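Okay, here's what each chain looks like letter by letter:
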Amino acid sequence: MKLAAFLLVFLLTLPAFAQPGLQVPASLTKALEQVKPENLRAHVAYLADDQLRGRAPGSPGYQLAVDYVTGQFKALGVLPAGEQGTYIQTLRLRRAFVQPGARFRLREGKAAPQALRAGQDFVLYPNPAQARVALQAPLVFAGYGISAPEQGYDDYEGLDVEGKVVVIVRGAPSSFPSTIAAASQSVLTLLQTAQRHGAAGVLLAPARLNPKASLPQLEKGVCSVLGPDGRVATSGSYVPGGLHFLASISAATFQRLLGTALDSSRVLPAIRAGRPASAALRGVVDLAFQSRYQDFDSYNVAGKIAGSDPTYSADYVAHTAHLDHLGVGTPVQGDSIYNGAHDNASGVAAVLEMARVYSQLKERPKRSLLFVLFTGEELGLLGSAYFAAHPTVPNGSIVADLNCDMPTLLAPLLSIVPLGAGHSTLAEPVAQAAAHLGISVEADPEPEQNRFIRSDQFSFVTQGIPALHVKYGNKTADGLNNLSAQVQSWRAATYHQPQDDINGRFDFEAGRKYVQLYTLISYQVAQAPQRPRWNKGDFFGQRYGE
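Since we're looking at a predicted model, the values are computed, not measured.

(A) Local environment of unusual backbone geometry. The omega torsion across D343 and N344 is 5 degrees, close enough to zero to call that bond cis. Here N344 lies in helix α9 (residues 341-359). Phi angles above zero are rare outside glycine, and R55 is one such case at about 55 degrees. Along the polypeptide, R55 turns up in the loop between α3 (37-47) and α4 (60-76).

(B) Just empty space enclosed by the protein, in detail. Using the criterion set out here, one finds three cavities of 30 Å³ or more in the structure. Here the largest cavity defines a volume of roughly 80 Å³. Lining the largest cavity we find 13 residues, and of these S237, Y238, H244, F245 and L246 sit closest to its centre. Within the lining of the largest cavity, the residues separate by chemical class into 10 nonpolar, three polar and no charged. Here the second largest cavity defines a volume of roughly 50 Å³. Lining the second largest cavity are 13 residues, and of these P407, T408, A411, L413 and Y472 sit closest to its centre.

(C) Examining the nonpolar core more closely. Ranked by internal contacts, the top residues of the largest apolar core, which has 88 residues, are F141, L203 and F254. Considering every element that reaches this core, the biggest residue donor is strand β6 (residues 132-141), with six residues. With residues up to four places along the chain from it excluded, the contact list for L203 reads F104, L139, V165, V166, V167, I168, F245, A247, I249 and L257. Among the nonpolar cores identified, the runner-up in size contains 71 residues, and A321, V399, L409 and L520 belong to it.

(D) Examining the packing of aromatic side chains more closely. The final tally for this structure, using the stated rule, is 15 aromatic pairs. Of the aromatic side chains, those joined through ring pairs into one cluster are F452, F458, F539, F540 and Y544. Lying over the aromatic face of Y293, R94 brings its terminal NZ or CZ to 4.2 Å of the ring centre. Across the ring face of Y495, the terminal group of R491 is positioned such that the distance to the ring centre comes to 4.3 Å.

(E) Spatial organisation of the packing of helix α11 (residues 427-437) against helix α14 (residues 508-527). Across the interface, α11 lies against α14 with an axial gap of 9 Å and an inter-helix angle of 135 degrees. Here α11 is positioned oblique relative to α14, judged by the angle of their axes. Seen along the crossing, α11 lies across α14 with a hand that is right-handed. Taking contact as the criterion, the partners of P429, V430, Q432, A433, A434, H436 and L437 in α11 are, on α14, K513, Q516, L517, L520, I521, Q524 and V525.

(F) Summary view of the side chain of T253. Turning to its location among the elements, T253 is positioned in helix α7 (residues 251-258). Those residues in contact with T253 that lie beyond four places of it in its chain are L116 and D121.

(G) Layout of the packing of α3 against α4. Running from N to C, α3 and α4 point in directions that differ by 155 degrees, and their axes come no closer than 10 Å. In this view, α3 runs roughly antiparallel relative to α4, as classed from their interaxial angle. Contacts between α3 and α4 involve A42, H43, Y46 and L47 from the former and L64, A65, Y68 and Q72 from the latter. Class assignment for the residues of the contact of α3 with α4 results in six nonpolar, two polar and no charged.

(H) Representation of the confidence of the model for the protein chain within the structure. Scored by pLDDT, the protein chain comes out at a mean of 94, with 96% of its residues at no less than 70. Across the protein chain, the secondary-structure element scoring lowest on mean pLDDT is helix α1 (residues 2-12), at 42, and the one scoring highest is strand β18 (residues 368-374), at 99. Counting interchain partners and residues more than four positions distant, the pLDDT-below-50 stretch residues 1-19 has 21 contacts.

(I) Examining the pairing of strand β20 (residues 415-419) more closely. Within β20, five of the five residues are buried, which leaves it mostly tucked inside the rest of the structure. The alternating pattern of β20 places S415, V417 and L419 on one face and I416 and P418 on the opposite face, and all of these are buried. You can see the chain leave β20, run along α11 and come back into strand β21 (residues 440-441), and the turn it takes is right-handed. One ladder, built from four bridges, connects β20 with strand β22 (residues 467-472); its direction is antiparallel. When the bridges of β22 are listed, I416 appears paired with Y472.

(J) Highlighting the side chain of N127. With respect to the helices and strands, the residue N127 is situated in the loop between β5 (122-124) and β6. Among the residues examined, N127 registers a relative accessible area of 2% and is labelled buried. There is a polar contact of 2.9 Å between the side chain of N127 and the backbone nitrogen of A129. Among the polar contacts made by the side chain of N127, one reaches the main-chain amide nitrogen of Q130 at a distance of 2.8 Å. Not counting chain neighbours up to four residues away, the residues in contact with N127 comprise V133, Y238, H244, F289, S291 and Y293.

Calculation notes
Residues numbered from 1 in each chain as written. Predicted model: local features only at pLDDT ≥ 70, side-chain atom pairs only at ≥ 80, totals over all residues. Heavy atoms only, no water. Helix = DSSP H or I, 4+ residues; strand = E, 2+ residues; numbered from the N terminus. 1 Å grid on protein atoms, 1.4 Å probe; cavity = no way out; pocket = protein on both sides within 12 Å on 5 of 7 lines; lining within 4 Å. Points joined across faces, edges and corners; volume = space filled by probe spheres on them. Nonpolar A, V, L, I, M, F, W, Y, C, P; charged D, E, K, R; others polar. Core = buried A, V, L, I, M, F, W, Y, C linked by side-chain atoms within 4.5 Å. Buried < 20%, exposed > 50% of the residue type's maximum accessible area, 1.4 Å probe, protein only. Contact = heavy atoms within 4.5 Å. Phe/Tyr/Trp six-rings, centres within 6.5 Å; stacked < 30°, edge-to-face > 60°. Lys NZ or Arg CZ within 6 Å of the ring centre and 35° of its normal. Axes fitted to C-alpha atoms, helices over the stretch in contact; angles between N-to-C directions. Parallel < 35°, antiparallel > 145°, perpendicular 65-115°, else oblique. Left-handed = near helix turned anticlockwise from the far one by under 90°. pLDDT = per-residue confidence, 0-100. Right-handed = clockwise from strand over helix to strand, strands pointing away. Pairing = 2+ DSSP bridges. Polar contact = N/O pair within 3.5 Å; in protein donor to acceptor, adjacent residues only side chain to side chain.

Below, the structure written as structure tokens:
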């Protein structure tokens, strides 16, 4: 697998002249030339205006964003692709909170139970489906909580966790490639694996056992999506079945739970080296808590342009971005509106301009084009997860997802990193489109950031659909090739801050090129005789593609 990854990166980073030429129809070339930076700026300026109050799901400001996108689709002649002939898909969101007074005690042998302190020793996640939870259960240590036979590693092999509370330390074996490591240790994957093995609860310890590491702040609640039947349909912190609770624990609590049964100085290096060290522990958890709920509606927005081929038009190439942001929050430098201009008004603007390009074509591509703007990305990829599992187009008809999340339009777009392309045949249209525009393709300079699983494209991956998210590369016009460092500096001061507004640093000419690149990628996918496929033996294809 490592050799294949190396060869992929080598091929993707070949100079443009080494790539076979991409034949672009004259009508598409003309439409691409008419992409206007000022249109992108106008979209961002509206969506990031103070009157939208940060576009928090369920707020009047988010509704203004929904109305704006819907109006743009109508003006472009993009057809409704939502529910019941509309442009929207309604999501019933549930914000859940843990009520004060939760009990969390540890008992070992015949000793008196020891109470753990909420907010210091542990933080409980609310249960969005079960308002009252009470249980007593023995503890087991399950290493990283990973079951990945594809990688030759399984923390659960030979471990009895039926009806027990699983203690997990965040991380993955050092031999795991970065995207596989990230996917394997996502909270939802850990919960699904534990539930599949019959666990009653999960306790998550921090990766590096830093005694100063802070626990999650959940005072604002944790959101899930309810299905039409009123049951939890999508959540990042809950799975249905016998798994009753999730909690994060401090490094000190983790050591306390291991007790004398295991020595962390031995087991942690072992699992890091790929040698499972799972074992039963001696303690018993005595836990009880209550959850309260606030339910409200929010919306995904979806439009479509029909393909030209009678057979292929039943397939859809999805172009996606998240419409929501953080709303109004703690003031920073006197400003409390988190406008989200880069994150992700710029991505929405790109999708709208791709729709404009396709709306101008007299000869449409064979496959249909789907344009979807999601709610709830900032709440845990909720809108995309619900849409991917419950699409408003026929199940199985989406062949690929091209996601635009914070293009980070700070400088000329001279190189790109196509996150996720290396797992499927999407790598080829990426390379072809980039070469056509004279853009270099680079390997991810920040694999430790796990960006491939942290945005909406991963919701499609978990449904078996090849997907990608193109981010900036490192190349700069002055030859210093330090754009990644520039972006990190910008992120430190601006990302998820009120200062991410239209008055900040923008290069809308880079946005123009970004739209052209994505459109050329999607056009190839829409025209190709075959659907995109997972690479042979690929982890995501094996796990989700079947």
